[in-house]
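So you can see what is in the structure, the chains are spelled out below.
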Amino acid sequence: MTPAPVSPPKEPSRARRSGRVRMTSAERREQLIDVSRALFASRGFEGTSVEEIAARAEVSKPVVYEHFGGKEGLYAVVVDREVRNLLEGIRGSLTSGRQRELIEQAALALLDYIEQNTDGFRILARDSSVGSTGGSFASILSDVASRVEDILVDEFKRRGLDPKTAPLYAQMLVGMVALTGQWWLDARRPKKPEVAAHLVNLAWNGLSNLEAKPTLLTDQGKR
């Protein structure tokens, strides 16, 4: 009896030979976003190239262009996601409570985002307006300030202060928290609750002793 011919072993596919796992289009897109997010955070928009993104993801440059149209499109997706994450966290934190508690919640929400999304915060704080449809870091903070403004208007009316100045004080409060957050991003000392407590200490005690018509000491000396 003639033995059956033995078929030659099949050549392994390119994916198997290289040890790569074939991704779906959606999975590849998410991988490119994750890879580029880390690069943009460490090197900025200008310091990151499509070639480097492709090399890190182990794909060819045309794959990046196919999914995002180029570096600007990829950067816009990364920034818009971070904008949504930050705003959702802050909006969700401003639920209910007295005025001081709301300011505490807003400060902690921003510090939470910095702690949990360090790369994202670095991107937003550096140059998020490049190629973004979601706005720059300044516009994000302006959105937060508008919410703080509503809190301050009620407080100013209750205390007989001019509510028209509430937008100015809201911008100052949010700016103070944001700049402190940028410093804390690298320092990470003291711990987050202590940082928030000191922020609210300065903000709230400063608000508690506001003058109805503040003037500069230098102006007083000229009179």
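That block above? That's the structure.
No experiment lies behind these values; they were computed from the predicted model shown.

Q: For this particular structure, what's the right way to read the packing of helix α5 (residues 71-93) against helix α6 (residues 99-116)?
A: Helix packing geometry: the angle between the two helix axes and the distance between the axes. Here α5 crosses α6 at 150°, and the two axes come no closer than 8 Å. On the basis of their axis angle, the class for α5 and α6 is roughly antiparallel. The crossing of α5 and α6 is right-handed. Contact residues: E82, N85, L86, G89, I90 and S93 in α5; Q105, A106, A109, L110 and Y113 in α6. Tallied by class, the residues present in the contact of α5 with α6 amount to six nonpolar, four polar and one charged.

Q: Help me understand the packing of aromatic side chains in this model?
A: Any pair of aromatic rings gets described here by the distance separating the centres and the angle formed by the planes. On inspection of all chains with the given rule, the structure shows five aromatic pairs. Judged by centre distance (5.5 Å) and plane angle (75°), the ring pair of F156 and Y169 falls under edge-to-face. Here the residue F156 occupies a position in helix α8 (residues 137-158), and Y169 occupies one in helix α9 (residues 166-187), the gap between them amounting to 13 residues. The exposure classification of F156 matches that of Y169, with both residues buried. Among the aromatic residues, those joined into a ring-pair cluster are F40, F45 and Y75. Just above the ring of F45 sits the side chain of K71; from NZ or CZ to the centre is 4.3 Å. Taking the ring centre of W184 as reference, the NZ or CZ of R188 above it sits at 5.1 Å.

Conventions we followed
Residues numbered from 1 in each chain as written. Predicted model: local features only at pLDDT ≥ 70, side-chain atom pairs only at ≥ 80, totals over all residues. Heavy atoms only, no water. Axes fitted to C-alpha atoms, helices over the stretch in contact; angles between N-to-C directions. Helix = DSSP H or I, 4+ residues; strand = E, 2+ residues; numbered from the N terminus. Parallel < 35°, antiparallel > 145°, perpendicular 65-115°, else oblique. Left-handed = near helix turned anticlockwise from the far one by under 90°. Contact = heavy atoms within 4.5 Å. Nonpolar A, V, L, I, M, F, W, Y, C, P; charged D, E, K, R; others polar. Phe/Tyr/Trp six-rings, centres within 6.5 Å; stacked < 30°, edge-to-face > 60°. Buried < 20%, exposed > 50% of the residue type's maximum accessible area, 1.4 Å probe, protein only. Lys NZ or Arg CZ within 6 Å of the ring centre and 35° of its normal.

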